[in-house]
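# Structural overview
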Amino acid sequence: MRLLFLGPPGAGKGTQARRVADRLGVPHIASGDLLREHVATGTPLGVEAKRYMDRGDYVPDDLIIELVSQRLDEPDAASGFVLDGFPRTQAQARSLDGYLADHATPLDGVIRLVVPSDVIVERLSGRRLCPTCQRAYHIAYDPPDDDELCDDDGTRLITRPDDEADVVRRRLCVYEEATEGLLAYYEDAGLLVRVDGVGEVEEVAKRVDEALGAGA
Ligand code: AP5
């Protein structure tokens, strides 16, 4: 099963994509997580990417395409994956199409999570992230068992620098300008399924599972 999640920042892509990937036994491949790993370890790619990420802008296509392609080449992705945050531009979508065609592994579906801006701002202002496993929590809606530690690995949770209010506004604008066009791209391909992303995490998860059908 090869799926991808599309939606604005804070729509819940990571939260839902991770659950679906766990259920299907395939890797959850999030372009933002891959970039943050490079930022955290201070690689040249991470240093360059951080300049864009801190402003709320997209990193250049060539850089992210190379990074995601390398990840897709790893053995655990051979039997399927759930992509989250990639592609976000027409160039990235064409590159992914080329990659999948070369490997004779077409996409099975694209989940579009629909969430209004006011809900997004509230979600991002309360988000906390585990810097080790990248699991996202919310201080009110999805808190960890211990106030400040990740349930999975005990790491102290952090606030993402790009969750500052002015950077969130910029990220929302960039999404509208650069990514909303992809919705038509995948709709035309007959792959896009719209899912209402408002409601409790479990409620949205149920809708996602229904959208994917009994076979997913
Ligand atoms: P990335 O990390 O991908 O950020 P994003 O797309 O902006 O998405 P988020 O991670 O902010 O949100 P999400 O939809 O995953 O929501 P989440 O599940 O965490 O990218 C960061 C940056 O990297 C980009 O700005 C760009 O610079 C760069 N980048 C990445 N990919 C790129 C690409 N392909 N091309 C170019 N640049 C790229 O949920 C959010 C919060 O809400 C959490 O606190 C969660 O607990 C909570 N929550 C989730 N669901 C619910 C619910 N149903 N009810 C209540 N709370 C909920």
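Residue indices follow the written sequence of each chain, beginning from 1 at its first position. pLDDT decides what is reported in this predicted model: residues at 70 or higher carry local features, side-chain atom pairs at 80 or more are listed and counted, and totals for whole chains, interfaces and linings draw on all residues regardless. To get the side-chain values, take all heavy atoms of the structure and skip hydrogens and water.

## Points about the site of the ligand
Put simply, the test is: Any residue with at least one heavy atom within 4 Å of a molecule or strand is counted as near it. Definition of a polar contact: a pair of N or O atoms within 3.5 Å, with one able to donate and the other able to accept a hydrogen when the atoms are protein atoms, and with sequence-neighbouring residues admitted only if both atoms are side-chain atoms. Each accessible area is a Shrake-Rupley result for a 1.4 Å probe, and residues are judged covered by the shown protein chains and nothing else. Numbering of helices and strands runs from the N terminus, with a helix taken as a DSSP run of H or I at least four residues long and a strand as a DSSP run of E at least two residues long. Here the term charged refers only to Asp, Glu, Lys and Arg, the term nonpolar to Ala, Val, Leu, Ile, Met, Phe, Trp, Tyr, Cys and Pro, and the term polar to all other amino acids, Gly among them.
The environment of the ligand is made up of 35 residues, and the closest members are Thr15, Asp57, Arg88, Arg127 and Arg171. Between Gly10 and the ligand, the recorded distance is 2.9 Å, taken from a backbone N or O atom to an oxygen atom. Contact with the protein chains covers 97% of the free accessible surface of the ligand, which is 1000 Å². Elements represented by at least two residues in the shell around the ligand include exactly helix H1 (13-24), helix H2 (31-41), helix H6 (117-125), strand S6 (136-138) and helix H9 (201-212). Among the elements that take part in the shell around the ligand, H2 stands out by supplying 4 residues, more than any other. Looking at the shell around the ligand residue by residue, the class counts come to 15 nonpolar, 10 polar and 10 charged.

## A word on unusual backbone geometry
Each neighbour pair has its own omega, and for Phe86 with Pro87 the value is 0°, a cis peptide bond. As for its placement among the helices and strands, Pro87 is situated in the loop between strand S3 (81-84) and helix H5 (90-102). At Ala104, a position not held by glycine, the phi torsion is positive, near 50°. Along the polypeptide, Ala104 turns up in the loop between H5 and strand S4 (109-114).

## Some remarks on the packing of aromatic side chains
Stated formally: Only rings of Phe, Tyr and Trp enter the pairing, Trp through its six-membered ring, and a pair is recorded when the two centres are within 6.5 Å. The plane angle decides the type: under 30 degrees is stacked, over 60 is edge-to-face, the rest tilted. When a residue's accessible area, from a 1.4 Å probe over protein chains only, is under 20% of the maximum for its type it is buried; when over 50% it is exposed; and in between it is partly exposed.
All chains considered together, the criterion is met by 1 aromatic pair. Seen in terms of ring centroids, Tyr185 and Tyr186 are 5.1 Å apart; in terms of plane orientation they differ by 90°. Their pairing is edge-to-face. Tyr186 gets classed as buried once you look at its relative accessible area, which sits at 1%.

## Focus on the sheet that holds S3
What counts, and what does not: When DSSP locates at least two bridges between a pair of strands, those strands are taken to pair. Note on method: axes are straight lines fitted to C-alpha atoms, helices fitted across the in-contact stretch only, with angles between N-to-C directions ranging 0 to 180 degrees. Note on contacts: a residue pair is in contact if any heavy atoms of the two residues lie within 4.5 Å.
Within the open sheet, the 5 strands sit side by side as S2-S3-S1-S4-S7. Their pairing is parallel. Looking at strand neighbours, the two that pair on one side only are strand S2 (28-30) and strand S7 (192-196), the edges of this open sheet. Sheet twist, expressed as the mean angle between neighbouring strand axes with direction ignored, is 25°. Here helix H8 (residues 181-188) sits on the sheet in contact with strand S1 (2-6), S4 and S7, set at roughly 150° to S1.

## As for the side chain of Asp84
Our working rule: Think of it this way: Lys and Arg go in the positive column, Asp and Glu in the negative one, and His and the chain ends go nowhere. One side-chain nitrogen of Lys or Arg within 4 Å of one carboxyl oxygen of Asp or Glu is enough to make a salt bridge.
Its location among the elements puts Asp84 in strand S3. The side chain of Asp84 is buried and forms no salt bridge, while Lys13, the nearest opposite charge, is found at 5.0 Å.

## Focus: the pattern of salt bridges
Applying the stated criterion across every chain, the model contains 18 salt bridges. Between Asp151 and Arg135 there is a salt bridge, and its shortest N-O distance comes to 3.8 Å. One end of the pair, Asp151, is in the loop between S6 and helix H7 (165-178); the other, Arg135, is in the loop between strand S5 (127-129) and S6, with 16 residues separating them in the sequence. The shortest N-O distance in the salt bridge between Arg171 and Asp163 comes to 3.0 Å. Of the residues examined, Asp163 reaches a relative accessible area of 8% and is grouped as buried. Several salt bridges share partner residues, and in doing so they unite Arg127, Arg160, Asp162, Asp163 and Arg171 into one network.

## A few points about the packing of H2 against helix H4 (residues 61-72)
Keep this limit in mind: For this classification, under 35 degrees means roughly parallel, over 145 means roughly antiparallel, 65 to 115 means roughly perpendicular, and everything else is oblique.
Across the interface, H2 lies against H4 with an axial gap of 10 Å and an inter-helix angle of 100°. Judged by the angle between their axes, H2 and H4 are roughly perpendicular. Residues Ser31, Leu34, Leu35 and His38 of H2 touch H4, and the partners they reach there are Leu63, Ile64, Leu67, Val68 and Arg71. Across the contact of H2 with H4, the residue classes tally to 6 nonpolar, 2 polar and 1 charged.

## With respect to the environment of Gly56
Along the polypeptide, Gly56 turns up in the loop between helix H3 (44-55) and H4. Separated by 117 residues in the primary sequence, Gly56 and Cys173 place their C-alpha atoms 9.2 Å from one another. Setting aside residues up to four positions removed in sequence, Gly56 forms contacts with Val167, Arg170, Arg171 and Val174.

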